[in-house]
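# Structural features, examined
In case you want the letters, here they are:
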Amino acid sequence: MVEIGFYHLTDTALEAVLPVMLTRAVERGWRSELRGRDPAFMETLNRTLWKAGGDGFLPHGLVTEPHAERQPVLLTTGPAGDGRDALFLIDRAPYEPAEMVGFTRAAVLFDGHDDAAVGEAREAWRATVSAGLTAIYWAQDDGRWVKKAAAGGA
């Protein structure tokens, strides 16, 4: 069953965390959906990801671009709906716990310095656990991810 990781960003910017997480997903052979709320932010993130990784290459593209379905990492503002393995939710993107069931891995990344984002992440945690799914809370401690809590599961 899918585990939903809740990643509380306090030490590292989203733009630094995402390339690492997405690269790991690509290395595992997963097709990922990176879902946000704001199309302009997703376009900015698209440009940022092209510059990330130094010598590495993170294959990705926007859902609005030609041949988007071929992209290992697809940036979108709504469900991709084409058999993705991993879902990364950013920028307080909404989701329904029921849609998580089709993924191998899911992650909710939220800004620990934004009170509204933290509040929404708490609500999402409760909804995820209430739906019988496993939720794992990860917090940053000196730049490292530390598992702080786990709940749910059937």
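Tallied over the entire structure, the rule returns 5 salt bridges. Note that arginine 35 is salt-bridged to glutamate 99, the shortest N-O span being 2.7 Å. Here the residue arginine 35 occupies a position in strand β2 (residues 32–35), and glutamate 99 occupies one in the loop between β5 (86–89) and β6 (105–111), the gap between them amounting to 64 residues. Assessed through its relative accessible area of 25%, glutamate 99 is described here as partly exposed. Note that arginine 92 is salt-bridged to aspartate 114, the shortest N-O span being 3.8 Å. Taken together, the positions of arginine 92 in the loop between β5 and β6 and aspartate 114 in the loop between β6 and α3 (115–130) put the pair 22 residues apart, joining distant regions of the chain. Take aspartate 114: its relative accessible area is 26%, and that puts it in the partly exposed class. Connected through salt bridges with shared partners, the residues Glu33, Arg35 and Glu99 form a single ionic network.

Right, let's get into the pairing of β5. Burial of β5 is two-sided: the residues Ala86 and Phe88 facing one way and the residues Leu87 and Leu89 facing the other way are all buried. Across 4 bridges, the pairing between β2 and β5 is parallel. In the sheet register, glutamate 33 faces β5, and the bridge partner there is leucine 87. With 4 bridges connecting them, β5 and β6 associate as parallel partners. For leucine 89, the partnering residue across the bridge sits in β6 and is valine 108.

The final tally for this structure, using the stated rule, is 3 aromatic pairs. Ring geometry for tyrosine 7 versus tryptophan 138: centroids 6.2 Å apart, planes at 5°, classification stacked. Of this pair, tyrosine 7 sits in strand β1 (residues 3–9) while tryptophan 138 is found in strand β7 (residues 134–141), placing the two residues 131 residues apart along the sequence. Tyrosine 7 gets classed as buried once you look at its relative accessible area, which sits at 13%. On the basis of relative accessibility, which here comes to 23%, the residue tryptophan 138 falls in the partly exposed class. Through a chain of ring-to-ring contacts, the aromatic side chains of Tyr7, Trp138 and Trp145 assemble into a single cluster.

Cut-offs and rules
- Throughout this description, residue numbers start from 1 for each chain and increase along the sequence as written.
- A pLDDT threshold of at least 70 governs which residues receive local features in this predicted model, and a stricter bar of 80 or more applies before side-chain atom pairs are shown or counted, although totals over entire chains, interfaces and linings include all residues.
- Here the side-chain values reflect all heavy atoms present in the structure, with hydrogen atoms and water set aside.
- We define a salt bridge as a side-chain nitrogen of Lys or Arg found within 4 Å of a carboxyl oxygen belonging to Asp or Glu.
- Secondary structure elements follow DSSP: runs of H or I no shorter than four residues count as helices, runs of E no shorter than two count as strands, and numbering proceeds from the N terminus.
- Note on exposure labels: buried denotes an accessible area under 20% of the residue type's maximum, exposed denotes more than 50%, and partly exposed covers the range between, all computed with a 1.4 Å probe on protein chains only.
- The rule for pairing is simple: two strands pair if DSSP sees at least two bridges between them.
- Between the rings of Phe, Tyr and Trp (Trp by its six-membered ring), a pair exists once the centres lie within 6.5 Å; its type follows the angle of the planes, with under 30 degrees stacked, over 60 edge-to-face, and the other angles tilted.

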